[in-house]
Amino acid sequence: MRIRILGNLVILGATVVLSYGMQVSKPHYADLTAPIPADGAMRDTIRARSFDVRLDKVVFARALKTNQFGRQKLLTTSGLWAVVTTSLTATAASTTVADGTWQGPTGLRYHQTERLGYRQDMPPHGVDPGLEKRGLFVFEIPPDQIRGASLLIAARQFGPLDAQARISLDGVPTSADGQPADVLPEYDLDAPPPQGKS
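Residues numbered from 1 in each chain as written. Predicted model: local features only at pLDDT ≥ 70, side-chain atom pairs only at ≥ 80, totals over all residues. Heavy atoms only, no water.

*Asks:* Go over the packing of aromatic side chains, please, and point to the residues and values.
*Replies:* Across all of its chains, the model carries 2 aromatic pairs by this definition. Taking the centre distance of 6.2 Å and the plane angle of 80° together, the rings of Phe60 and Trp102 count as edge-to-face. With Phe60 in strand 3 (residues 51-68) and Trp102 in strand 6 (residues 99-103), this pair connects stretches of sequence that are 42 residues apart. Members of the aromatic cluster, joined through ring pairs, are Phe60, Trp102 and Phe139. (Phe/Tyr/Trp six-rings, centres within 6.5 Å; stacked < 30°, edge-to-face > 60°. Helix = DSSP H or I, 4+ residues; strand = E, 2+ residues; numbered from the N terminus.)

*Asks:* Describe the environment of Ala163, with residues and values.
*Replies:* If you trace the backbone, Ala163 turns up in strand 11 (residues 163-168). Under the relative-accessibility criterion, Ala163 is labelled buried at 17%. Separated by 93 residues in the primary sequence, Ala163 and Gly70 place their C-alpha atoms 38 Å from one another. Those residues in contact with Ala163 that sit more than four places away from it in its chain are Ile36, Ala48, Arg49 and Ala154. (Buried < 20%, exposed > 50% of the residue type's maximum accessible area, 1.4 Å probe, protein only. Contact = heavy atoms within 4.5 Å.)

*Asks:* A description of the sheet that holds strand 1 (residues 36-41) should follow, citing residues and the corresponding values.
*Replies:* A sheet is described by the order of its strands in space; here 5 strands give the open sequence 1-11-10-6-7, paired in mixed fashion. Whereas interior strands pair on both sides, the edge strands pair on one side only; in this sheet they are strand 1 and strand 7 (109-111). Averaged over all neighbouring strand pairs, the angle between strand axes comes to 25°, with direction disregarded. Both strand 6 and strand 7 contribute to a ladder of 3 bridges, which runs antiparallel. Paired with Gln103 across the two strands is Arg109, which belongs to strand 7. (Pairing = 2+ DSSP bridges. Axes fitted to C-alpha atoms, helices over the stretch in contact; angles between N-to-C directions.)

What follows is the structure, given as structure tokens:
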């Protein structure tokens, strides 16, 4: 009788340990339904499900100059402004590209700034097949989140099981301490892009 009770207790204990191990090691629901990455590098055209994106340029600045409601504003930040210029086009049908996220080397994510309000060259970007469109994504980031970072571009912020372009920012020149090699004191968002460049 005592052996039977001990055997049942051992089986019960093993079941509890196995159940706990399965619960801890299983993927979280958010991981199971996360966007599917389409990887690429700067200046490569990366094909997501509904759009193509190419990262053309990243500019770092300590302050941003912009016109809002007819008034010029100078926006500062405790970190750096990262202004990312992309070329976007739809693959099969007209679509919207609305989400941009800067993912630092430690996995920290920085969503596009909301301090600029509505601008035509900022998300959401309406794109059509065969017509390339210039799109800006602007972030406020700490300087130590640049080397080894990635840019994540998706059609919408919460797009389970949709494609997401993940662009490696290894092409951004940095100094030995990981800071960007070229930081402008001020960047004018309303200045026209140089001729012949997007």
